[in-house]
Amino acid sequence: MERIDPLRVFGPVLCSVQNPASYIGGEIGAVVKGHSEDDGLFNVAIAFPDVYAIGMSNQAIKIIYNGLNARADVRCERVFAVENDFEALLRQKDVPLYTLETGMPLHRVDVVGFSIGYELGITGVLNVLDLGRIPLLRSERKEGDPIVIAGGVGATNPAPFADFFDAVFIGEAEGGLFDLIERLAAMKKAGASRHELLAEIARHPAVWTHDMSEETCGHAVARRAVQADFGQVPSVESFFPLPNIKPVQDHGVVEIMRGCPNGCRFCHAGIYYRPQRVKAKELIFAEIDRLVSIAGYREISLTSLSSADYPGIGNLLDELNQKYRAQNVSFQLPSLKVNSMTLPILATLSEVRKSGLTFAVETPEETWQLRLNKEVYAQHLTDIIIEAKKRGWNKAKFYFMVGLPLPETDGKTEERVIVEFLRDVQEKTGIQCNVNVGTFIPKPHTPYQWVRQISPEEAERKLAYIRDHLPRGKFKVSTHDTTTSYLEGLLSRGDGRAGAVIHNAYKKGCRLDAWEDHLRHNLPLWEAAFAEAGYDIKADILRERVHDEPLPWDSISLGPTKQFYEREWQRHLAETLTPRCAPKCDHHCGTCVGNVGCKNSNDVYKSEQKAEKPSLPVQKTIRPVCNIPVLYRVIFSFEKCNGGEYIAHLSQIEQCNRAILKSELPVVYTAGFNPLPRLEFATTLPLGVKSCDEIASVLLYEPIAEQVFMDALNRHFVRGIRITRCFVFPVTNQRRRESLASGLWGGVYRYRFFCAERAAVRDFFASDAAKPFLRDDSLCAFDGFGQSDSATERNGAETLVAKLAFRQERPFRDALESFFGKKWYEFVEIVKVQTLAKPGIMNVRYDMSEAVSFFELYEHIAAVNAELIRQRDEKH
């Protein structure tokens, strides 16, 4: 298999796209299984139909990735949807989309598996297949093409996507997907054909196919796979790989509970993840130890659908804070049910650093809450917010929905009730209210699957009322685009006819529709596809379903029976609450069957598993600098190449901070609310410019051997960043420490011009554009292309060596771009050979044309510090 190396194929032109580090791989923790002609591995591409920054925050992707790579016969690599600029680059270079780990062309793998968390990602699916040179339509694939499967909470009505997927796995990957892929790997080794592999997939009881029947695959209904022992055994590792760029959710995640006990009738996720399964405390602590010690996280989210419903959540938070407070680790509960939130929980969450305060209310009217099976006590919410303000919170976020199946009257409508409630809360608490209001989509597999969806016009009228009646300043209101909700209705509630509409919209140019700015641009394309559909899409999306009519998703079972949904609908009409899920409940939904059941105790860890994932030793306490007479400064040089040049400066800082946190070096931290290593960089390297000599420094409490320092950090750096030299010396508080930036002179650069432009370089130096850099006072010097009589010039080399003062580096690149009429990365490769320092220390006169290495400068500074320390010691 011929594989794709993006650094070689694209080179510096990667600078032309947003976030080029998204497309090069090489992340910390990535699993790379080497290729050989006879390795016989089963190649799986786990695909996410959105961009890298979103996908690398997705826990399902990492669970599947690490779970499959734990199988010896399986090679699982990642691929993500791409931005429009990188799509254009792939097409321009005639390169297929590839996996990140080893660059496998997507059309050469055995299986492409999509994790679909949101229905609007479907055009991202088609874009990945298209760029990967895989036929979009299932009917057009043949022997030699990958098998394309999907799964996830956004694929529980596969009918609209049936034209594109060979199969859909329903449920949790740990409940059967890993074993299925392992069987496929064994079949491939035995010589099985694509048709035989597909037949094996179709036979799995959790798999849906377009022609599923008792005769063809042994079942007519695909039943959701469930990890029955979730929380009782160690979870699949889900923090590696660590992303090259800052993802949308940049914190460690521990899933403390799967499933929700509350049974809100509008909630599709609550059905999908049934039953409630609580993770043992011992396992939670073990996962957090690894997130802190191995991944370097200091903000940890304790996730579930309703984390405050974890039994003993207050005690858990107290224990976590007690153990990790000294390391400045903070914990957040991102999903809170108002009535489960207590003042002690709030106090515990505020101990280290404050996360957001978010409340999902949906509707504030109490009788309507009974219909939804979700109570929100207004006085309790007010008490929580008042206490939060005392503890330093100054704003809170609220979620509401319009379009719920509620009995409105002229005097009591959803929008009026929401406005009155929010005005009352704000008046009583004085809190800044960030309000998010969405349009309700009646999702499949819920008691509301039959109800009508309100039209975009109705939704906009309600949302406009809310926007107009909440005064700015006290309220910041954001509302979902109503057309987005309309489209989501098609993709979640539609039937097989929707496939042709999706395909047509993609061919017209629809991409990345989960992004509001993309969808806004794509809406005319979707509207054109709707007009060409051949049936009244709007009427079909919005209509109410009759309770005994066949539904497109009837061939899927998430566990609860249709009779349960009907019973819950009747309780909705009667404004009657259904009790919470419990191990021995009196309102069986159909999920708890066999070994699958509700587990709401947090002491269920299986003793025989305890040795598998021991708790790691806790790192040393993070200490800010105090009035310590002697510290130790490390000046270090690091290279950025082999992909490191495409990691942006802010991501580089994050990489370094995390490496320091994981290294357990005796590093000095800043004081304050969010301590960080006392880390400093001499300069910012432009994206795409390679460097052999970037300069940084850090402070230590204790001296350390230079090789030990370099090894400790290099083992935690991403590929492409590596420390090559360092210098450790004592510094005294008797004198001010010089910043790296204050000592910066500039650098030495090597410009290697591409063949087509080499002849014009001499013309550049003969032009007016070069004159500012050739004056005697320009602080520039050049070697090559007629600018010196050096050996480099006499040998006719293709490179220009430029010694440039810092203030001339950017202007020189700009002058070249102006002369050649294009961006620098289109005609030259730039490498910084050395970062140069001013030859004196603070307040010392020197010739500005002189320059030395930073190590020379700081060896002199070290000598000054050593003399001051000697004099102090003599006095004492």
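Residues numbered from 1 in each chain as written. Predicted model: local features only at pLDDT ≥ 70, side-chain atom pairs only at ≥ 80, totals over all residues. Heavy atoms only, no water.

Describing the overall build of the protein chain
So, point 1. A count of helical and extended segments in the protein chain gives 28 helices and 26 strands.
So, point 2. The C-alpha radius of gyration computed for the protein chain amounts to 30 Å, which stays within 12% of the reference 29 Å derived for 876 residues, consistent with globular compactness.
So, point 3. The C-alpha extent of the protein chain, read off along each of the three principal axes, is 90 × 65 × 60 Å.
So, point 4. Considering only contacts within the protein chain whose residues lie at least 6 apart along the sequence, 78% involve residues at least 24 apart.
So, point 5. When the accessible area of the protein chain is evaluated, it comes to approximately 35300 Å², of which 50% is carbon and sulfur surface. (Helix = DSSP H or I, 4+ residues; strand = E, 2+ residues; numbered from the N terminus. Rg over C-alpha atoms; globule rule 2.2 N^0.38 Å. Contact = heavy atoms within 4.5 Å. Areas by Shrake-Rupley, 256 points an atom, 1.4 Å probe, with all protein chains shown as cover.)

Structural notes on the pattern of salt bridges
So, point 1. As enumerated under the stated definition, the model contains 63 salt bridges in all.
So, point 2. As a salt-bridge pair, Asp250 and Arg658 come within 3.5 Å of each other at their nearest N and O atoms. Of this pair, Asp250 sits in the loop between β7 (222-223) and β8 (252-255) while Arg658 sits in helix α22 (residues 649-663), and the two are 408 residues apart along the sequence. The same class applies to Asp250 as to Arg658, namely buried.
So, point 3. Between Asp495 and Arg497 there is a salt bridge, with its nearest N and O atoms 3.0 Å apart.
So, point 4. Residue Asp495 is classed as partly exposed on the basis of its relative accessible area, which comes to 21%. (Salt bridge = Lys/Arg side-chain N within 4 Å of Asp/Glu carboxyl O. Buried < 20%, exposed > 50% of the residue type's maximum accessible area, 1.4 Å probe, protein only.)

Let's talk about the environment of Tyr632
So, point 1. For Tyr632, the location among the structural elements is in strand β18 (residues 630-640).
So, point 2. Taking the relative accessible area as the measure of exposure, Tyr632 reaches 21% and is therefore partly exposed.
So, point 3. With 96 residues separating them in the primary sequence, Tyr632 and Val728 have C-alpha atoms 6.6 Å apart.
So, point 4. Ignoring sequence-local partners within four residues, the contact set of Tyr632 consists of Val698, Leu699, Leu700, Tyr701, Glu702, Pro703, Val728, Phe729, Pro730 and Val731.

Focus: the environment of His251
So, point 1. Here His251 shows up in the loop between β7 and β8.
So, point 2. Spatially, the C-alpha atom of His251 lies 7.4 Å from that of Arg298, the residues being 47 residues apart in sequence.
So, point 3. Setting aside its immediate chain neighbours within four residues, His251 contacts Tyr297, Glu299, Ser301 and Gln332.
So, point 4. For His251, the side chain forms a polar contact with the side chain of Gln249, separated by 3.1 Å. (Polar contact = N/O pair within 3.5 Å; in protein donor to acceptor, adjacent residues only side chain to side chain.)

Some words on the packing of aromatic side chains
So, point 1. For the coordinates displayed, the defined rule picks out 35 aromatic pairs.
So, point 2. When the centroid spacing of 6.1 Å and the interplanar angle of 75° are considered together, the rings of Phe400 and Phe421 count as edge-to-face. Note that Phe400 is positioned in strand β14 (residues 395-402) and Phe421 in helix α15 (residues 414-429), a separation of 21 residues in sequence.
So, point 3. Given the relative accessible area of 2%, Phe400 is considered buried.
So, point 4. Exposure remark for Phe421: the relative accessible area of 10% places this residue in the buried category.
So, point 5. A centroid spacing of 6.2 Å and a plane angle of 40° characterise the contact between Phe729 and Tyr858, whose relative ring orientation is tilted. (Phe/Tyr/Trp six-rings, centres within 6.5 Å; stacked < 30°, edge-to-face > 60°.)

As for the packing of helix α10 (residues 281-293) against helix α11 (residues 313-324)
Helices that pack against each other are described as a pair by the angle of their axes relative to one another and the distance between those axes.
So, point 1. Interaxial distance between α10 and α11 falls to 12 Å at its minimum, and their mutual angle equals 35°. In this structure, α10 crosses over α11, and the sense of that crossing is right-handed. Between α10 and α11, the contacting residues are Lys281, Ile284, Phe285, Ile288, Asp289 and Val292 on the first element and Asn315, Leu316, Glu319, Leu320, Lys323 and Tyr324 on the second.
So, point 2. Residues that form the contact of α10 with α11 fall into these classes: 7 nonpolar, 1 polar and 4 charged. (Axes fitted to C-alpha atoms, helices over the stretch in contact; angles between N-to-C directions. Left-handed = near helix turned anticlockwise from the far one by under 90°. Nonpolar A, V, L, I, M, F, W, Y, C, P; charged D, E, K, R; others polar.)

Some details on the pairing of strand β25 (residues 828-837)
So, point 1. Counting buried residues along β25, 8 of its 10 residues qualify, which places the element largely inside the surrounding structure.
So, point 2. Of the strand pairs in this sheet, strand β22 (residues 744-753) and β25 are connected by 9 bridges, and their pairing is antiparallel. Bridging across to β25, Gly747 finds its partner in Thr835.
So, point 3. Note: β25 against strand β26 (residues 852-853), 2 bridges, orientation antiparallel. Looking at the pairing, Ala837 lines up with Val852 of β26. (Pairing = 2+ DSSP bridges.)

Looking at the packing of α15 against helix α16 (residues 456-469)
So, point 1. Where α15 meets α16, the closest approach of the two axes is 9 Å, and the angle between their N-to-C directions is 25°. Classified by the angle their axes make, α15 and α16 are roughly parallel. Regarding α15 and α16, the two cross each other, and that crossing is right-handed. Contact with α15, carried on its side by Glu414, Glu415, Arg416, Ile418, Val419 and Arg423, involves Arg461, Lys462, Tyr465, Ile466 and His469 of α16 and no other residues of that element.
So, point 2. Taken together, the residues of the contact of α15 with α16 sort by class into 4 nonpolar, 1 polar and 6 charged. (Parallel < 35°, antiparallel > 145°, perpendicular 65-115°, else oblique.)

Some details on the sheet that holds β14
So, point 1. Here 4 strands make up an open sheet; going across it, the order is β13-β14-β15-β16 and the pairing parallel. At either end of the open sheet lies a strand with only one pairing partner, and these are β13 (358-362) and β16 (475-479). Across the sheet, the axes of successive neighbouring strands diverge by a mean angle of 20°, strand direction being ignored.
So, point 2. By the bridge criterion, 5 bridges tie strand β15 (residues 432-439) to β16 in an arrangement that is parallel. Looking at the pairing, Cys433 lines up with Phe475 of β16.
So, point 3. Those strands touched by α15 are β13, β14, β15 and β16, and its axis lies near 165° from that of β14.

Topic: empty space enclosed by the protein
So, point 1. Applying the stated criterion across every chain yields a total of 6 cavities of 30 Å³ or more.
So, point 2. There is about 120 Å³ of room inside the largest cavity.
So, point 3. Residue lining of the largest cavity: Ile28, Leu242, Pro243, Asn244, Ile245, Lys246, Pro247, Asp250, Ser651, Glu654, Gln655 and Arg658, and that is the complete set.
So, point 4. When its residues are assigned to classes, the lining of the largest cavity shows 5 nonpolar, 3 polar and 4 charged. (1 Å grid on protein atoms, 1.4 Å probe; cavity = no way out; pocket = protein on both sides within 12 Å on 5 of 7 lines; lining within 4 Å. Points joined across faces, edges and corners; volume = space filled by probe spheres on them.)

Observations concerning the state of the cysteines
So, point 1. Here the structure, examined in full by the defined rule, presents 0 disulfides.
So, point 2. Cys641 forms no disulfide, and the closest cysteine sulfur to it belongs to Cys692, at a distance of 6.7 Å. (Disulfide = S-S within 2.5 Å.)

Observations concerning the pairing of β22
Each regular strand displays side chains that alternate between the two surfaces of the sheet.
So, point 1. For β22, a buried count of 8 out of 10 residues is recorded, marking the element as mostly surrounded by other parts of the structure.
So, point 2. Bridge analysis of β22 against strand β24 (residues 799-805) gives 7 bridges, and the strand direction is antiparallel. Each bridged residue has a counterpart across the sheet, and for Arg750 the counterpart in β24 is Val801.

Overview of the sheet that holds strand β11 (residues 299-303)
So, point 1. Taken together, 3 strands build an open sheet; the order of strands is β8-β11-β12 and the sheet is parallel. Where the open sheet ends on each side, the last strands, each with one partner, are β8 and β12 (330-332). For this sheet the average axis-to-axis angle between neighbouring strands, irrespective of direction, equals 25°.
So, point 2. Against the sheet, α10 makes contact with β8, β11 and β12, and its axis sits at roughly 165° relative to β8, the strand it touches most.

A short note on the layout of surface pockets
So, point 1. Roughly 530 Å³ of volume is contained in the second largest pocket.
So, point 2. Along its surface, the second largest pocket is lined by 24 residues, and Met1, Asn43, Arg108, Asp110 and Lys188 are the ones closest to its centre.
So, point 3. Here the lining of the second largest pocket is composed, by residue class, of 7 nonpolar, 7 polar and 10 charged.

Thoughts on helix α28 (residues 854-875)
So, point 1. If you check α28, its first and last C-alpha atoms are 32 Å apart, about what 22 residues at 1.5 Å a residue would give, namely 32 Å.
So, point 2. Within the sequence span of α28, burial applies to Phe854, Phe855, Leu857, Tyr858, Ile861, Ala862, Asn865, Ile869 and Arg872. Here the buried residues of α28 occupy an arc of 140° about the axis, which is enough to place them on one side.
So, point 3. Elements in contact with the buried residues of α28: β18, β20 (690-700), β21 (721-732), β22, β25 and β26. (Expected span 1.5 Å × (residues − 1). Arc of directions from axis to C-beta.)

With respect to unusual backbone geometry
So, point 1. In this model, Phe240 is joined to Pro241 through a cis peptide bond whose omega is -5°.
So, point 2. The omega torsion of the bond from Arg274 to Pro275 falls at -5°, within 30 degrees of zero and hence cis.
So, point 3. Position of Pro275 relative to the elements: it lies in the loop between α9 (268-272) and β10 (277-278).
So, point 4. You will see that Leu779, though not glycine, has its phi angle at about 60°, which is positive.

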